[in-house]
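Residue-level structural notes
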Amino acid sequence: MLYASATPNQKRAALRAGLASGTLQRYPGAFTPLTAPLIEQLGFEGVYISGAVMAAELGMPDIGLTTLSEVAERGRQISRMTELPTLIDADTGFGEAMNVARAVHELEDAGVSGLHLEDQVNPKRCGHLDGKEVVSADVAAQRIAAAVSARRDSDLVIMARTDIRGVHGSSTEGLAAAVDRAKALEAAGADAIFPEAMATLEEFAAIRAAVQVPILANMTEFGKSALFTHQELADVGVNIAIHPVSLLRIAMGAIERELGLLAESGTLDGAVERMQTRARLYELNDYAAYSSFDEGVFNFEVPGGATHA
Ligand SMILES: C[C@](O)(C(=O)O)[C@H](CC(=O)O)C(=O)O
Ligand SMILES: [Mg+2]
């Protein structure tokens, strides 16, 4: 009740153990805190916290407009809801080295298990769009080195994302640049690499061969990568797969359809069977545990006779 019983450090250790396990770690994005226990109950290994979702929910494009405080607060809200490790999107680190260090402290305090920092210039954009630009290898490495030296819990996972693959027009050049950049980020101390916008499984395999640390696959819909299965990703040595925006897209698809029905017919009676029930919602909120806690506290004898139950 109230919050996860696992401590931030235990969850960080679980994230590390998962990445080292040889089994693909599956991290759907919790688009709202309430979805975190659902992800846990369905047997996934962890919860992703997406910057694109946060920006979208606040009515903004994903171009680095969300603030560190907003992102940290969302990290805290989601992390408290689950025993699973959480991996949060820290975009470009909210500035350069000093800002990155501050971001690491705030996110650490928010209880997340890991974070990824990318090598885009500001303003950044979605990794699956065209026209992205990246900083030099030196600046990208500085961001990672700053994050690594700032963390106080050595189990916090610092993952380096590179967007360089999509910056180059040709796929051969793009992949070669991504391989070089992945090596430089690993040398800077990254615990894991997130090669963004890989076009094929072979490209993931090339990154796998280039570094020793675990690698991530971003299975975002409507992007540059096809939606490979977990098995296909595991077979080329990917360690963790995220589905960052999927739950938002699913929910928004349903909302748009049902809202249209309400506008058209004046009632949602026909949609009720497709809705999550009140009982299921209360189960996810652990409502019963709060009621019994309350009874335990308030079930007492008042001097003079009356019982409050
Ligand atoms: C992973 C990502 O950084 C995110 O914010 O969730 C996005 C996802 C998306 O926009 O589809 C990304 O840049 O890939
Ligand atoms: Mg993002």
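Definitions and cut-offs
- Positions within a chain are numbered from 1, following the residues in the order the chain's sequence is written.
- Just so you know, chain letters begin at A and ligand numbers begin at 1, following the order they were written in.
- Predicted model: local features are reported for residues with pLDDT of at least 70 only, side-chain atom pairs are reported and counted for 80 or more only, and whole-chain, interface and lining totals are derived from all residues.
- To obtain the side-chain values, all non-hydrogen atoms of the structure were used and water was disregarded.
- By this definition, two strands are paired if DSSP reports at least two bridges between them.
- Counting from the N terminus, the helices are DSSP H or I runs at least four residues long and the strands are E runs at least two residues long.
- To obtain each axis, a line is fitted to C-alpha atoms, and for helices this fit is confined to the stretch in contact; angles are then taken between N-to-C directions over 0 to 180 degrees.
- For each domain, the first and last residues come from an automatic or database assignment.
- The contact criterion used is simple: two residues touch if any of their non-hydrogen atoms lie within 4.5 Å.
- Once two parts are brought into contact, the accessible area they lose, counted with a 1.4 Å probe and summed over both, makes up the buried area.
- Each salt bridge in this description consists of a side-chain nitrogen of Lys or Arg and a carboxyl oxygen of Asp or Glu lying within 4 Å of one another.
- Contacts described as polar in this section are N or O atom pairs within 3.5 Å, which, within protein, must combine one atom able to donate a hydrogen with one able to accept it, while residues neighboring in sequence count only if both atoms come from side chains.
- In this classification, the charged set is Asp, Glu, Lys and Arg, the nonpolar set is Ala, Val, Leu, Ile, Met, Phe, Trp, Tyr, Cys and Pro, and all remaining amino acids, among them Gly, are polar.
- Working definition: residue near molecule or strand if any one of its non-hydrogen atoms lies within 4 Å of it.
- Classification of residues uses two cut-offs on accessible area relative to the type maximum, computed with a 1.4 Å probe and protein chains only: under 20% is buried, over 50% is exposed, and between them is partly exposed.
- The predictor attaches a confidence to each residue, called pLDDT, with possible values from 0 through 100.
- Orientation is classified from the angle alone, with under 35 degrees giving roughly parallel, over 145 giving roughly antiparallel, 65 to 115 giving roughly perpendicular, and any other angle giving oblique.
- Note on convention: near helix rotated counterclockwise from far helix by under a right angle means a left-handed crossing. Clockwise means right-handed.

**Focus: the sheet that holds strand β1 (residues 25-28)**
- The strand order across the open sheet formed by three strands is β1-β8-β7, and the pairing between neighbours is parallel. The open sheet has two edge strands with one neighbour each: β1 and β7 (216-218). When the angles between neighbouring strand axes are averaged without regard to direction, this sheet yields 20 degrees.
- Bridging between β7 and strand β8 (residues 240-243) involves three bridges; their strand directions are parallel. By the bridge assignment for β8, L216 is matched with I240.

**Here's the deal with the domain arrangement of the chain**
- On domain assignment, one finds that the chain holds domain 1 (9-245) and domain 2 (251-293).
- Across the contact, six residues belong to domain 1 and six residues belong to domain 2.
- A buried area of about 480 Å², summed over both sides, lies between domain 1 and domain 2, and 63% of it is on carbon and sulfur atoms.
- It is L34, L38 and Q41 that lose the most area in domain 1 upon contact with domain 2, and together they represent 67% of the buried surface on that side.
- For the interface between domain 1 and domain 2, the tally reads zero salt bridges.
- Here domain 1 and domain 2 share one residue pair in polar contact (both at pLDDT 80 or more) between them.
- Tallied by class, residues from the side of domain 1 that touches domain 2 come to four nonpolar, one polar and one charged.

**Examining the site of ligand 1**
- Of all residues adjacent to ligand 1, which total 16 residues, the nearest are S50, A52, G127, E196 and T220.
- Contact between ligand 1 and G51: an oxygen atom at 3.2 Å from a main-chain N or O atom of the residue.
- Interatomic distance of 2.7 Å between a side-chain N/O atom of D89 and an oxygen atom of ligand 1.

**What about the side chain of E118?**
- Structurally, E118 can be placed in strand β4 (residues 114-118).
- With a relative accessible area of 2%, E118 lands in the buried category.
- Among the polar contacts listed, one links the side chain of E118 to the side chain of R161, at a separation of 3.4 Å.
- Here E118 is in contact with D89, D91, T92, K124, R143, R161 and D163, once residues within four sequence places are set aside.

**Some details on the sheet that holds strand β3 (residues 86-89)**
- Taken in spatial order, the five strands make up an open sheet running β2-β3-β4-β5-β6, and their pairing is parallel. Both outer strands of the open sheet, β2 (47-49) and β6 (192-195), are each paired with one neighbouring strand and no more. Put simply, the sheet's adjacent strands are angled 25 degrees from each other on average, direction ignored.
- Inspection of the sheet shows strand β5 (residues 157-162) paired to β6 by four bridges, in the parallel sense.

**Examining the confidence of the model for the chain**
- Averaged over the chain, the pLDDT score is 94; the fraction of residues at 70 or greater is 96%.
- What the predictor reports for the complex is a pTM of 0.95 with an ipTM of 0.99.

**Some details on the packing of helix α4 (residues 68-79) against helix α5 (residues 97-109)**
- Two numbers describe how α4 lies on α5: the axes approach to 8 Å, and their chain directions differ by 25 degrees. Considering the angle they form, α4 stands roughly parallel to α5. Along this stretch, α4 crosses α5, giving a crossing that reads as right-handed. Mapping the contact onto sequence places L68, V71, A72 and R76 in α4 and R102, A103, E106, L107 and D109 in α5.
- Of the residues belonging to the contact of α4 with α5, the class tally is five nonpolar, no polar and four charged.

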